[in-house]
Structures are given as C-alpha cells and as structure tokens.
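# Fold and geometry: a report
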Amino acid sequence: MHQGKVIKAAGGFFTVLDQEGRKYLCRARGALKRGSKTLIVGDEVMFQPLGETASGAEGEGIVEKLLPRTNSLPRPTVANVDQVVVVMSLKNPDCDWQMISRITVLAEKEALPVLVCLNKTDLITPENIQQLSSRLKPFPYPVIFTSALSGSGTAALKEYLAGCCSALAGPSGVGKSTLLNSIQPGLSLQTGEVSEKIGRGRHTTRQATLLSLDQGGSVVDTPGFSRLDFKNISPQELADYFPELETLRGRCGFRDCLHLNEPNCVVHKETGLTVNPLRYEHYKTFMQELHQQ
Ligand SMILES: Nc1nc2c(ncn2[C@@H]2O[C@H](COP(=O)(O)OP(=O)(O)OP(=O)(O)O)[C@@H](O)[C@H]2O)c(=O)[nH]1
Ligand SMILES: [Mg+2]
Ligand SMILES: [Zn+2]
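Keep in mind that what you see is a predicted model, and the values were worked out from it rather than measured.

## Overview of the site of ligand 1
By nearness alone, 23 residues border ligand 1, and Asp122, Ser172, Lys176, Thr178 and Thr205 come closest of all. Taking Gly224, its main chain carries an N or O atom lying 2.8 Å from an oxygen atom of ligand 1. When residues of the shell around ligand 1 are assigned to their parent elements, the largest contribution, three residues, is made by helix H4 (residues 176-183). Residues belonging to the shell around ligand 1 are distributed by class as follows: six nonpolar, 13 polar and four charged.

Next up, the structure:
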C-alpha cells in the first residue's frame, strides 16, 4: 500500500497525491464514505494503486485507510492544515467583520494560527484604510491589506504562505482564487464576477483543492460560504477561543464569569482598552446563539 494526501474530493472520487508526486484518482472503501470518516481535502491516507501506471500518467486506486488527523475544520472542510488565512474584501462584497470572528473561533478551537487578509484595497481610499487600521487596534491577529488587482500587499501574503499548509477561508467573491493566481500565475484558477444585483460572489470555486506552491508549502483554495454555525462549542468555552479574553481568564469576580452582565467582570473594564469593542460585540452575539442551541 502507498501513503498519500487527498488534494481534491468531488462526486465520490478523491485525487490522492503520493510521496513521489504522482496523482491517483481513487474511490474509497465503504467505511470511508460515512460520518466523521468521510475523506476530506488534506487527509493522509493509505491507498492501493490499481494496476500499473505509465510514468507521468495519472493512476487509479482505492483508498483503504484514513490516517489520524492533526486537526480538521468543518468549514472550509479541510484537515491537517498549519494555519488559516481569513480572506475578506473591503468592498464588493462589503467586509463581514462578524464572519471573520466566526472563522477565528473555529480556527482557535483547532488551535490553528490565523492571518486576516483584507483584500480589494483598490476599491477604497487610503483614508478609509487608515481609519480601518485604527479601528483594528487592538486586534488579536495579524492583518494584511492586499489588492489582487494592483498587486499591493500580495508579497506579504506570499511570505505568510511559504513553507506550510494554509487554508483560505471567506465568503464567495472576496478574491481568494484571484489572490492565489496573483501569487502564482501558473495556477490559473477560475475566478468569477461579483453579482451587481445581489452584491455577492457567484460561488465560482466549487471544491476545496490543495495546491502546491513553487516557493514551497501548499494552500487550499476553498469555496466561499455565507453562513457559519457553531457546533460542539459550549457557552463556557467560547472565551477560550477569543485570545484577548483568554488572557484575562481568572481575573473576574466570579470564577465562572461568562463576561456578560456579571459584576466585577474584567472583560467589561478592558473593553475599549485591550479588548476591541467590535470583538466583544461578536462574543456577545455568539454567546446568545450558543444559549439558543
Ligand atoms: N477590484 C478588485 N477586484 C478583485 C480583487 N480581487 C479579486 N477581485 C475580483 O473579485 C471577483 C471575485 O474573485 P474570486 O477570486 O473569484 O473570488 P473567490 O473568493 O475565489 O470566490 P469563490 O470562489 O466564489 O468563493 C473577481 O471578479 C475578481 O476579479 C481586488 O483586489 N480588487
Ligand atoms: Mg474562488
Ligand atoms: Zn468576566
């Protein structure tokens, strides 16, 4: 049997890249098609090639076994990544700040580092960017401003992607695929116009695909999403996934303070200081959602 990595999953077929760089189009054994065992992009697997394959050609095979995952995200659906790059456009479509926090909560749950990439800077004025930068102080994650169109900031993104495996995450139409094309033109990923009527992307990227970068490292281009619900997160653990709240742990009046309306809550005192008011709003919104579940 050979070991390989699932780089694409579509319609019951899995493209598996082996350690020598050969690709195999595989079906999976029955047990690997159901429940938490369903194969996803990034999975390490053992597979059996079917017959001989001429050198250079793509082979076929059967995936026999899923190897343990170091992490996995429900959305975008990927496994075994080293970091998450949240991509959002500043305009067309408008930036969804709450969605950024939703994605970071899921990344934190998997203990994954996060980078926030704010794209399409060419559509707003330098003054707007300045205002945004000051609104993002403090902010618990590194932020880079890019324009895939002008190329501004893309070198910084390229540097972040070097040497590790990143998953891009964000709504449709924010420029995930366009950014990757600008970093590595040979990828020739399909991109799509944002609908003028509804102001949203058209879901151009249909499947997550793991792409190798010439500079070393890899990146998973993913389909955009507009909704992200929390599953398997309890109200008590939510603050663990907000690093700026996590560092304040144990300093509130009540040991089990949820940082809502409790007296002597240090998070209340820190909001506007070390805690960004926008992030605290997101925390309260998510807390409400978790209580309704
Ligand atoms: N003005 C401007 N347009 C951009 C920029 N980046 C991407 N676009 C445009 O935004 C549209 C959507 O880009 P895509 O790369 O397809 O977006 P995506 O995030 O991959 O979307 P999905 O694959 O649907 O999730 C395209 O028309 C791009 O040309 C940018 O920096 N500035
Ligand atoms: Mg895309
Ligand atoms: Zn508190």
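On we go.
## Structural notes on the side chain of Ser218
Here Ser218 shows up in strand E13 (residues 218-221). For Ser218, a relative accessible area of 11% puts it in the buried group. If we skip the residues at most four places from it in the chain, Ser218 touches Cys164, Cys165, Ser166, Leu210, Leu211, Ser212 and Leu213.

## Focus: the domain arrangement of the chain
In terms of domains, the chain is made up of domain 1 (2-68), domain 2 (73-221) and domain 3 (235-292). Centre-to-centre separation of domain 1 and domain 2, based on C-alpha positions: 28 Å. Taken together, the eleven residues of domain 1 in the interface contact nine residues of domain 2. For the domain 1 and domain 2 pair, buried surface summed over both sides reaches about 830 Å², with 60% attributable to carbon and sulfur atoms. Broken down residue by residue, the surface that domain 1 buries against domain 2 is led by Ile7, Ile40 and Val41, which jointly contribute 49%. Inspection of the domain 1/domain 2 interface yields zero salt bridges. There are three residue pairs in polar contact (both at pLDDT 80 or more) connecting domain 1 and domain 2. Classifying every residue of the side of domain 1 that touches domain 2 by side-chain character gives six nonpolar, one polar and four charged.

## Points about the pattern of salt bridges
In the structure shown here, the tally under the stated rule is twelve salt bridges. With a shortest N-O distance of 3.3 Å, Glu44 and Lys5 are connected by a salt bridge. Residue Glu44 is located in strand E4 (residues 44-49), and its partner Lys5 is located in strand E1 (residues 2-10); the two are separated by 39 residues in the primary sequence. Its relative accessible area of 22% is what places Glu44 among the partly exposed residues. One salt bridge connects Glu281 with Lys284, and the closest N-O pair in it is separated by 3.5 Å. Of the two residues, Glu281 and Lys284 are both situated in helix H7 (residues 277-292); the distance of three residues between them amounts to about one turn of the helix.

## A closer look at the coordination of the magnesium ion (ligand 2)
Coordination of the magnesium ion (ligand 2) by the protein comes from Ser177 (OG) and Thr205 (OG1), over a distance range of 2.0 to 2.1 Å. With Ser177 in helix H4 and Thr205 in the loop between H4 and strand E12 (209-212), this residue pair connects regions lying 28 residues apart in the sequence. For the pair Ser177 and Thr205, one class covers both residues: buried.

## Section: the coordination of the zinc ion (ligand 3)
Surrounding the zinc ion (ligand 3) are the protein donor atoms Cys252 (SG), Cys257 (SG), His259 (ND1) and Cys265 (SG), at 2.1 to 2.4 Å. Its four donor atoms give the zinc ion (ligand 3) angles of 102 to 113 degrees at the centre, a pattern that matches the tetrahedral case. With relative accessibility at 10%, the residue Cys257 sits in the buried group.

## Concerning the pairing of strand E5 (residues 59-66)
Residues in a regular strand project their side chains so that they alternate between the two faces of the sheet. With five bridges connecting them, strand E3 (residues 23-28) and E5 associate as parallel partners. Within E5, the position partnered with Ala28 by the bridge is Val63. Bridge count between E4 and E5: five bridges; the pairing is antiparallel. The residue bridging Val45 from the neighbouring strand is Leu66, located in E5.

## Points about H4
Each turn of an α-helix holds 3.6 residues, which means side chains three or four residues apart point in the same direction. Counting buried positions over the eight residues of H4 gives six, a clear majority of the element. For H4, the set of buried residues is Lys176, Ser177, Leu179, Leu180, Asn181 and Ile183. Along its buried surface, H4 packs onto strand E8 (83-89), strand E9 (114-119), helix H3 (154-161), strand E11 (165-169), E12 and E13.

## A short note on the packing of aromatic side chains
Applying the stated rule across the entire model yields six aromatic pairs. Ring geometry for Phe139 and Tyr141: centres 6.1 Å apart, planes at 70 degrees, overall edge-to-face. For the pair Phe139 and Tyr141, one class covers both residues: buried. Between Tyr280 and Tyr283, the ring centres sit 6.2 Å apart and the planes meet at 15 degrees, which makes this aromatic pair stacked. Remark: Tyr283 and Tyr280 occur in helix H7; sequence separation between them is three residues, near one turn of the helix. For the pair shown, Tyr280 and Tyr283 are each scored as buried. Cluster of aromatic residues (ring-pair linked, three or more members): Phe230, Phe242, Tyr280, Tyr283 and Phe286.

Rules of the game
Residues numbered from 1 in each chain as written. Chains lettered and ligands numbered in written order. Predicted model: local features only at pLDDT ≥ 70, side-chain atom pairs only at ≥ 80, totals over all residues. Heavy atoms only, no water. Near = heavy atom within 4 Å. Polar contact = N/O pair within 3.5 Å; in protein donor to acceptor, adjacent residues only side chain to side chain. Helix = DSSP H or I, 4+ residues; strand = E, 2+ residues; numbered from the N terminus. Nonpolar A, V, L, I, M, F, W, Y, C, P; charged D, E, K, R; others polar. Buried < 20%, exposed > 50% of the residue type's maximum accessible area, 1.4 Å probe, protein only. Contact = heavy atoms within 4.5 Å. Domains from an automatic or database assignment. Buried area = accessible area lost by both parts, 1.4 Å probe. Salt bridge = Lys/Arg side-chain N within 4 Å of Asp/Glu carboxyl O. Donors = N, O, S within 2.8 Å, 3.2 Å for Na, K, Ca; no water. Tetrahedral: all angles 85-135°; square planar, octahedral: opposite > 155°, others 65-115°. Pairing = 2+ DSSP bridges. Phe/Tyr/Trp six-rings, centres within 6.5 Å; stacked < 30°, edge-to-face > 60°.

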